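Results of the structural survey
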Amino acid sequence: SLHSMLVFSLLAILFWAPLPLGSNRPWAWSILQISIFLLMLGCIFLKKNVPFLGLRKFKTVISIWVVFLILATLQVVALPEFVINILSPKINFTADTPYLFISTDIGQSKVSLLKSFAYFCLFLCSLILIDNEKRVKKVLTLVLIVGSLQGLYGILEILLGFKFSLIFNFPIAEIATGSFVYKNHFANFIMLC
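Here's a quick rundown of the structure. This one's a predicted model, so the numbers in the text were calculated from it and none came from an experiment. (Residues numbered from 1 in each chain as written. Predicted model: local features only at pLDDT ≥ 70, side-chain atom pairs only at ≥ 80, totals over all residues. Heavy atoms only, no water.)

**Details of the pattern of salt bridges**
Evaluation of the coordinates by the stated rule reveals two salt bridges. Taking the shortest distance from any N to any O, the salt bridge between Glu-133 and Lys-137 comes out at 3.3 Å. Of this pair, Glu-133 and Lys-137 both sit in helix 6 (residues 133-159), separated by four residues, roughly a single helical turn. (Salt bridge = Lys/Arg side-chain N within 4 Å of Asp/Glu carboxyl O. Helix = DSSP H or I, 4+ residues; strand = E, 2+ residues; numbered from the N terminus.)

Okay, here's the thing in structure tokens:
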């Protein structure tokens, strides 16, 4: 059924996400975001006849997400100078333009907004698709398997003395990083799993 296929797609996304350097490169997070947005479209199609996609009971947590997304969007929307003066009266204007941004790095703010929106969609997909105990167990089992594989890979990289990662030929220090770029990302992922 479509529901089962979408659950499998969700599991595939969760399996894929840490593999390409923890999805910490533009091409990797682009693949991840496109996959999440396609999954969200599938969930919308699946629940097209259900009011609010069946998410009404989660309105409080979804509202918190929406407020966060609105605040992130305000960072990248051009605002009139008087609004910026109200929000940040000590700002130093360097451009002769009637519109300014709250963000000091508009490019990175746009990237962060898109990532935040993708994670929000993944959250909604999880609420829609993981709707019984059997599916919860599948997700938790996958998380344990992925965490164990990452841990094993990180240990083997160090114990076998690899100078470069088997994934993307990335240089390895004497600290386990698994398929991640940075040791703390790897450690946090293992702890989360």
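**Comments concerning the layout of surface pockets**
By volume, the largest pocket is sized at about 780 Å³. Lining the largest pocket are 29 residues, and of these Leu-14, Ala-17, Pro-18, Phe-189 and Leu-192 sit closest to its centre. When contributions to the lining of the largest pocket are tallied by element, the ones reaching two or more residues are helix 1 (2-16), helix 2 (26-46), helix 5 (106-129), helix 6 and helix 7 (183-192). Across the lining of the largest pocket, the residue classes tally to 22 nonpolar, six polar and one charged. (1 Å grid on protein atoms, 1.4 Å probe; cavity = no way out; pocket = protein on both sides within 12 Å on 5 of 7 lines; lining within 4 Å. Points joined across faces, edges and corners; volume = space filled by probe spheres on them. Nonpolar A, V, L, I, M, F, W, Y, C, P; charged D, E, K, R; others polar.)

**Here we look at helix 3 (residues 59-76)**
Turn by turn, an α-helix covers 3.6 residues, leaving residues three or four places apart pointing in a common direction. The end-to-end C-alpha separation of helix 3 is 26 Å, in line with the 26 Å expected for 18 residues at 1.5 Å each. Taken as a whole, helix 3 has its buried residues at Ile-62, Leu-69, Ala-72 and Val-76. Buried residues of helix 3, seen end-on, are gathered within an arc of 80° and therefore sit on one face of the element. Turned more than 90 degrees away from the buried face of helix 3, the exposed residues are Lys-59, Thr-60, Ile-64 and Leu-71. (Expected span 1.5 Å × (residues − 1). Buried < 20%, exposed > 50% of the residue type's maximum accessible area, 1.4 Å probe, protein only. Arc of directions from axis to C-beta.)

**Section: the packing of aromatic side chains**
Under the definition given, this model contains five aromatic pairs. Measuring from ring centre to ring centre gives 5.7 Å for Phe-37 and Phe-117, while their planes differ by 40°; the resulting arrangement is tilted. Here Phe-37 is found in helix 2, whereas its partner Phe-117 is found in helix 5, with 80 residues between them in sequence. For Phe-117, a relative accessible area of 38% corresponds to the partly exposed category. With centroids separated by 5.5 Å and ring planes inclined at 45°, the aromatic side chains of Trp-65 and Phe-120 adopt a geometry described as tilted. Here Trp-65, found in helix 3, pairs with Phe-120, found in helix 5; they are 55 residues apart in sequence, far enough to count as distant. (Phe/Tyr/Trp six-rings, centres within 6.5 Å; stacked < 30°, edge-to-face > 60°.)

**Some words on unusual backbone geometry**
The backbone of Ser-23 sits at a positive phi, close to 50°, despite the residue not being glycine. As for its position among the elements, Ser-23 is in the loop between helix 1 and helix 2. By relative accessible area, Ser-23 is classed as buried at 10%. Even without glycine at this site, Phe-52 takes up a positive phi of about 55°. Secondary-structure assignment places Phe-52 in the loop between helix 2 and helix 3. We classify Phe-52 as exposed; its relative accessible area is 57%.

**Focus on the side chain of Ser-179**
Within the secondary structure layout, Ser-179 lies in the loop between helix 6 and helix 7. In terms of polar contacts, Ser-179 uses its side chain to reach the backbone carbonyl oxygen of Pro-18, at 2.7 Å. What Ser-179 contacts, discounting residues up to four positions off in sequence, is Pro-18, Leu-19, Pro-20, Leu-21, Gly-22, Gln-150, Tyr-153 and Ile-167. (Polar contact = N/O pair within 3.5 Å; in protein donor to acceptor, adjacent residues only side chain to side chain. Contact = heavy atoms within 4.5 Å.)

**Observations regarding the nonpolar core**
Counting 31 residues, the largest nonpolar core has Ile-36, Leu-39, Met-40, Cys-43, Ile-128 and Leu-129 as the members making the most contacts within it. Broken down by secondary-structure element, the contributors of at least two residues to this core are helix 1, helix 2, helix 3, helix 5, helix 6 and helix 7. Considering every element that reaches this core, the biggest residue donor is helix 5, with nine residues. Sequence-distant contacts of Leu-39, that is, excluding residues within four places in its chain, are made with Leu-6, Ser-9, Leu-10, Ile-13, Cys-125 and Leu-129. (Core = buried A, V, L, I, M, F, W, Y, C linked by side-chain atoms within 4.5 Å.)

**As for the packing of helix 1 against helix 2**
Where helix 1 meets helix 2, the axes come as close as 10 Å, and the angle between the chain directions of the two elements is 160°. In terms of orientation, helix 1 and helix 2 fall into the roughly antiparallel class. Relative to helix 2, helix 1 is oriented so that their crossing is left-handed. Contact residues: Leu-2, His-3, Leu-6, Ser-9, Leu-10, Ile-13 and Trp-16 in helix 1; Ala-28, Ile-31, Leu-32, Ser-35, Ile-36, Leu-39, Gly-42, Cys-43, Phe-45 and Leu-46 in helix 2. Per-class residue counts for the contact of helix 1 with helix 2 are 13 nonpolar, four polar and no charged. (Axes fitted to C-alpha atoms, helices over the stretch in contact; angles between N-to-C directions. Parallel < 35°, antiparallel > 145°, perpendicular 65-115°, else oblique. Left-handed = near helix turned anticlockwise from the far one by under 90°.)

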